[in-house]
Amino acid sequence: MKVTLKQFSAAAPLRERYQEGVDYLSQEFDLELNDAVYLMGELKNHRSSLSVQGGNNSAEFYVESDSSLRVEIYGDDGFWSDTEVDFEKASEILRMVHTGESFGNLIPTTQREWDAYVRV
């Protein structure tokens, strides 16, 4: 699976434009699921993100200013969502992107709808 890790420094100030190598580091990988889950667990600082591209879906996991984890999902079938998740749910979403599974109206492993979603 294609993975892009963008790690911001904890001391990176808020600004309109950020400079790679100064405010953040960006690396691209071709990883198996377990390694991608590990990297997702390493996201700590605000604005840091892990983008993954699977066969039918892509997802971007990013850290908010309150240290919560959000995921934005884009499905080739017209599905889009943006939701706050914990590590367990994020790991299942990552697995689904990796295996090419479709997303339903509920957050995986829950009976809760996505915070925001659209199915075209």
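Rules behind the numbers
- In this numbering scheme, every chain counts its residues from 1 along its sequence in written order.
- Under the rules for a predicted model, residues below a pLDDT of 70 receive no local features and side-chain atom pairs below 80 are neither given nor counted, while totals for whole chains, interfaces and linings still include all residues.
- Derived side-chain values reflect all non-hydrogen atoms in the structure, with water molecules and hydrogen atoms excluded from consideration.
- Buried residues are those whose accessible area, probed at 1.4 Å on protein chains only, stays under 20% of the maximum for their type, while exposed residues exceed 50% and partly exposed ones sit between those limits.
- For the purposes of this entry, the term helix denotes a DSSP run of H or I that reaches at least four residues, the term strand denotes a run of E that reaches at least two, and both are numbered from the N terminus.
- Here, strands pair whenever DSSP counts at least two bridges between them.
- By convention in these notes, a salt bridge is any Lys or Arg side-chain nitrogen within 4 Å of a carboxyl oxygen on Asp or Glu.
- Among the buried residues, those of types Ala, Val, Leu, Ile, Met, Phe, Trp, Tyr and Cys that are joined through side-chain atoms within 4.5 Å form a nonpolar core.
- We call two residues contacting when some pair of their heavy atoms lies within 4.5 Å.
- When two rings of Phe, Tyr or Trp (its six-membered ring) have centres within 6.5 Å they constitute a pair, described as stacked for plane angles under 30 degrees, edge-to-face for angles over 60, and tilted for the intermediate range.
- Cation placement over rings: the criterion is NZ of Lys or CZ of Arg within 6 Å of the ring centroid and within 35° of the ring normal.
- Axis angles are defined between N-to-C directions and span 0 to 180 degrees, where every axis is a line fitted to C-alpha atoms and, for a helix, only to the segment in contact.
- In this scheme the crossing of two helices becomes right-handed for a clockwise turn of the near helix relative to the far one and left-handed for an anticlockwise turn of less than a right angle.

Undergrad: So what exactly am I meant to see when it comes to the pairing of strand S4 (residues 57-63) here?
TA: Strand residues, when the strand is regular, have side chains that alternate between the two faces of the sheet. Within S4, six of the seven residues are buried, which leaves the element mostly enclosed by the surrounding structure. Across five bridges, the pairing between strand S3 (residues 49-53) and S4 is antiparallel. Pairing of Ser 51 across the sheet is with Glu 60, part of S4. Pairing analysis gives seven bridges linking S4 to strand S5 (residues 69-75), with the strands arranged antiparallel. Paired with Glu 60 across the strands is Glu 72, a residue of S5. From the end of S4 to the start of S5, which pair antiparallel, there are five residues, and Ser 67 there has a positive phi angle of about 75 degrees.

Undergrad: I keep staring at the pattern of salt bridges and nothing clicks. Help me out?
TA: Between side chains of opposite charge, pairing is possible as soon as their charged atoms come close. Following the criterion strictly, the structure yields ten salt bridges and no others. Across the salt bridge formed by Lys 89 and Asp 86, the nearest N and O atoms sit 2.9 Å from each other. We classify Asp 86 as partly exposed; its relative accessible area is 34%. Put simply, Arg 112 and Asp 115 hold a salt bridge, and the shortest N to O gap is 3.1 Å. Within this structure, Glu 64, Arg 70, Asp 82, Arg 112 and Asp 115 form a network of salt bridges that share partners.

Undergrad: How should I be thinking about the nonpolar core in this particular structure?
TA: In globular proteins that are soluble, nonpolar side chains generally tend to be buried together. If you look at the biggest cluster of nonpolar residues, it comprises 28 residues, and the most contacted ones within it are Val 52, Phe 61 and Leu 94. Of all the secondary structure elements, the ones that give two or more residues to this core are strand S1 (2-8), helix H1 (33-41), S3, S4, S5, strand S6 (79-85) and helix H2 (87-99). Beyond its immediate stretch of four places on either side in the chain, Phe 61 contacts Met 40, Leu 43, Ser 48, Ser 49, Leu 50, Val 52, Leu 69, Arg 70, Val 71, Ala 90, Ile 93 and Leu 94.

Undergrad: I'm lost on the packing of aromatic side chains in this one. Help?
TA: Working definition: an aromatic ring pair is given by the centre-to-centre distance plus the angle between the planes. Enumeration over the complete set of coordinates arrives at six aromatic pairs. Note on Phe 103 and Trp 114: the rings are 5.9 Å apart at their centroids and 75 degrees apart in plane angle, and the pair reads as edge-to-face. Highlighted residues: Phe 103 in the loop between H2 and strand S7 (116-119) and Trp 114 in the loop between H2 and S7, separated in sequence by eleven residues. One exposure class covers both Phe 103 and Trp 114, and it is buried. Joined through ring pairs, the aromatic side chains of Phe 79, Phe 103, Trp 114 and Tyr 117 make up one cluster. Lying over the aromatic face of Tyr 24, Lys 6 brings its terminal NZ or CZ to 5.0 Å of the ring centre.

Undergrad: Whenever I open this one, the packing of H1 against H2 confuses me. Can you help?
TA: Helix-helix packing is characterised by the crossing angle of the two axes and by the distance between the axes. Viewed as axis vectors pointing N to C, H1 and H2 meet at an angle of 145 degrees, and their least axial separation amounts to 10 Å. Relative to H2, H1 is oriented so that their crossing is right-handed. Where H1 approaches H2, its residues Leu 33, Ala 36, Val 37, Met 40 and Gly 41 are matched on the opposing element by Phe 87, Ala 90, Ser 91, Leu 94, Arg 95 and His 98.

The values are spatial; any link to function lies outside them.
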